[in-house]
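Here are the chains, one letter per residue:
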Amino acid sequence: MKLIVDQCQRYAKMRAHTATHLLHTELAKIFKNTKQAGSLVDEDYLRFDFNADRLLTSEEIHEIEKTINQIVYAAYTVEVKETSYNDAIKLWAKAFFEDKYGDIVRVVRVFNNENETLSIELCGGTHVSNTKDIGCFSISWQEAVASGVKRITAVTWPKVGLRMHEMQEILDTTVAKLWIKTATQMLDKLDKTLKEYDELRSAVESLETLMIKDFLQSNNFTSNKVFEKIFNISSDLNFKNVGFHAKILFPDSTILIYTKEWSFLILSKKWSSAKKIAEGLGIRWWWTEVMVQGRDENILKLFK
Ligand SMILES: [Zn+2]
C-alpha cells in the first residue's frame, strides 16, 4: 500500500516539475532577461519565483496556460540526457548562460515532432517522459513577493480538477446566497446590491448626522473649569462625525467629547490649543493643534 502511495506522490511531483520547466520557458518569452529566483515542486503543485518588474496581465496568464496545455495535449517527448557540459553548451548555448556546472550535465529537453526544442534546462530532477502525462496545467495565483520578484503558483491534473470543483462550490454557494438562478446573473445582481448598499449607507449617514446634531444641541452637557461643554456620548455614534459637527456648531467653545471606553476628543476654540489643554491634563493624545483625539482612562477621573 505504501509503495502505491509513494508512486502516486512521485508521479504527482514529476507532473509539477515538467510543468515548471514549461512555465519557465513561457515566462522567459515575456520577460526577456528574467531569471529564476526560487522554485518549489510538490504534488501537482508548483511555485515559481522569477525576476520581473511587473505582474502578468490576465491575457498573458491565459496565453501561458493555453500554450502549455497545447504542449500537454500534443503529447511531446520529454528527453532526459546526460552529456558533457561542453556539448550541451555547443548545442544549446543560450539555454544555460552563467550557471556553474560540472563536466557531465543532465539535460531535460521537451521537443516537438519537428525536433524543435520547446523547453530545455539542466536539471537533476525527475520528469514525466511525455508532456501528455501532465494532464492539464492551470495558474492559480500570482503575487509580488519581494522587490522585483514575482511568484506564480500553478497546479497540474488532478489538482486542476479539484480546484475547479472548489470554484464551482464557491460559485454555487454565492448563487444561492444572492437568490439568483444561475452564475451568469451574478454580476447584475452584485451591481444592483452594491447600488442598494450605497443608497442605504448614505441614508444611514444622513440619519446619523441628524441624530448627532440633535444630541449636540439638546443641552445635554456639563462643564468645568477647563471645558465649556463636556459631552458624554454613546460609543455607537461615529466619534469623528460628532467632533466634526461640534466644531461647526460651537466654534467659540472649548469642548470635550468622551465615551465610557475612555475615547475622547478635545476641540479648542479660536486662538487656543487643544494640544496644550491635553498636555495640561496629563492625558495621552494625538492629532492637530485645534482638535486632539486619544484614548486614556484618566479622562474619566477628570469628572468624578
Ligand atoms: Zn528542473
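Rules and cut-offs
- Residues numbered from 1 in each chain as written.
- Predicted model: local features only at pLDDT ≥ 70, side-chain atom pairs only at ≥ 80, totals over all residues.
- Heavy atoms only, no water.
- Donors = N, O, S within 2.8 Å, 3.2 Å for Na, K, Ca; no water.
- Helix = DSSP H or I, 4+ residues; strand = E, 2+ residues; numbered from the N terminus.
- Pairing = 2+ DSSP bridges.
- Axes fitted to C-alpha atoms, helices over the stretch in contact; angles between N-to-C directions.
- Phe/Tyr/Trp six-rings, centres within 6.5 Å; stacked < 30°, edge-to-face > 60°.
- Buried < 20%, exposed > 50% of the residue type's maximum accessible area, 1.4 Å probe, protein only.
- Core = buried A, V, L, I, M, F, W, Y, C linked by side-chain atoms within 4.5 Å.
- Contact = heavy atoms within 4.5 Å.
- Disulfide = S-S within 2.5 Å.
- Domains from an automatic or database assignment.
- Expected span 1.5 Å × (residues − 1).
- Polar contact = N/O pair within 3.5 Å; in protein donor to acceptor, adjacent residues only side chain to side chain.

Trainee: Kindly report on the coordination of the zinc ion, identifying the contributing residues and their values.
Mentor: All of the protein donors around the zinc ion are H17 (NE2), H21 (NE2) and C123 (SG); their distances to the metal are 2.1 to 2.3 Å. We note that the donor set of the zinc ion lies within a single chain, spaced as H-x3-H-x101-C. Separated by 102 residues along the polypeptide, H21 in helix α1 (residues 2–30) and C123 in the loop between β5 (117–122) and β6 (137–146) bring together distant segments of the chain.

Trainee: Please set out the environment of W141 residue by residue, giving values where relevant.
Mentor: Assignment of secondary structure puts W141 in strand β6. Sequence separation of W141 and W271 is 130 residues, and the distance between their C-alpha atoms is 56 Å.

Trainee: With reference to specific residues and values, describe the sheet that holds strand β7 (residues 149–156).
Mentor: Taking strand neighbours across the sheet as the criterion, the four strands line up as β1-β2-β7-β6 in an open arrangement whose pairing is antiparallel. The sheet is open, and its two borders are formed by β1 (36–42) and β6, each paired with just one other strand. Each neighbouring strand pair of the sheet contributes to a mean axis angle of 15 degrees, computed without reference to strand direction.

Trainee: I'd like to hear about the packing of aromatic side chains, residue by residue, with values.
Mentor: For the structure shown, the criterion picks out five aromatic pairs. Judged by centre distance (6.3 Å) and plane angle (25 degrees), the rings of F48 and F50 are stacked. Taking relative accessible area as the criterion, F48 reaches 1% and is therefore assigned buried. With a relative accessible area of 1%, F50 lands in the buried category. Geometrically, the ring pair formed by F231 and F250 is stacked, given 6.1 Å between the ring centres and 20 degrees between the ring planes. Of this pair, F231 sits in strand β8 (residues 229–232) while F250 sits in the loop between α6 (239–249) and β9 (255–258), and the two are 19 residues apart along the sequence. Owing to a relative accessible area of 15%, F250 belongs among the buried residues under this scheme. Taken together, the aromatic side chains of F215, F221, F231 and F250 make up a single cluster linked through ring pairs.

Trainee: Account for the nonpolar core, with residues named and values stated.
Mentor: L23, L27, I64, F137 and I139 are the most contacted members of the largest nonpolar core, which has 28 residues in total. Among the elements of the structure, α1, β2 (45–51), α2 (58–73), β4 (104–111), β6 and β7 are those that each provide at least two residues to this core. Not counting chain neighbours up to four residues away, the residues in contact with F137 comprise A19, L23, L46, I64, E65, I68, N69, A154, V155, T156 and V160. Ranked by size, the runner-up nonpolar core spans 14 residues in total, among them F231, A246, I257 and L267.

Trainee: Break down the state of the cysteines for me, citing the residues and quoting the values.
Mentor: Across all of its chains, the model carries zero disulfides by this definition. Between C8, a free cysteine, and C136, which holds the nearest cysteine sulfur, the sulfur-to-sulfur gap is 19 Å.

Trainee: An account of the domain arrangement of the protein chain is needed here, citing residue identities and associated values.
Mentor: Structurally, the protein chain comprises domain 1 (2–158) and domain 2 (219–301). Relative placement of domain 1 and domain 2: their C-alpha centres are 63 Å apart.

Trainee: Quick rundown of the sheet that holds β8? Include the residues and the values.
Mentor: In spatial order, the strands read β8-β9-β10-β12-β11; together these five strands make up an open sheet with mixed pairing. Looking at the sheet topology across the chains shown, the edges are occupied by β8 and β11 (286–287). Summarising the sheet, β8 and β9 pair through four bridges and their orientation is parallel. Opposite K229, over in β9, you have I255 as the bridge partner. Of the strands in this sheet, β9, β10 (263–267), β11 and β12 (291–295) touch α6, which is tilted by about 20 degrees from β10. Where helix α7 (residues 274–281) meets the sheet, it contacts β10 and β12, and its direction lies at approximately 35 degrees from that of β12.

Trainee: Just give me the short version of unusual backbone geometry, but keep the residues and values in it.
Mentor: A cis amide bond links W157 to the next residue, P158, at an omega of 5 degrees. Structurally, the position occupied by P158 is in the loop between β7 and α4 (159–177). In this structure, A75 takes a positive phi of about 55 degrees despite not being glycine. On the basis of relative accessible area, A75 is assigned to the partly exposed category, the value being 28%. Its identity is not glycine, yet N115 carries a phi of approximately 65 degrees, on the positive side. Its place among the elements puts N115 in the loop between β4 and β5.

Trainee: Outline α2, supporting the account with residue identities and numerical values.
Mentor: Compared with the 22 Å implied by 1.5 Å per residue over 16 residues, the 22 Å span of α2 between its first and last C-alpha is a close match. One or two residues past the end of α2 sits A75, with phi positive at roughly 55 degrees.

Trainee: Now, about the side chain of H127: what can you tell me, with residues and values included?
Mentor: Among the secondary structure elements, H127 is positioned in the loop between β5 and β6. Residue H127 is classed as buried on the basis of its relative accessible area of 9%. At 2.9 Å, the side chain of H127 and the side chain of T18 are in polar contact. Apart from residues no more than four positions distant in its own chain, H127 is found in contact with M14, H17, T18, H21, V78 and V108.

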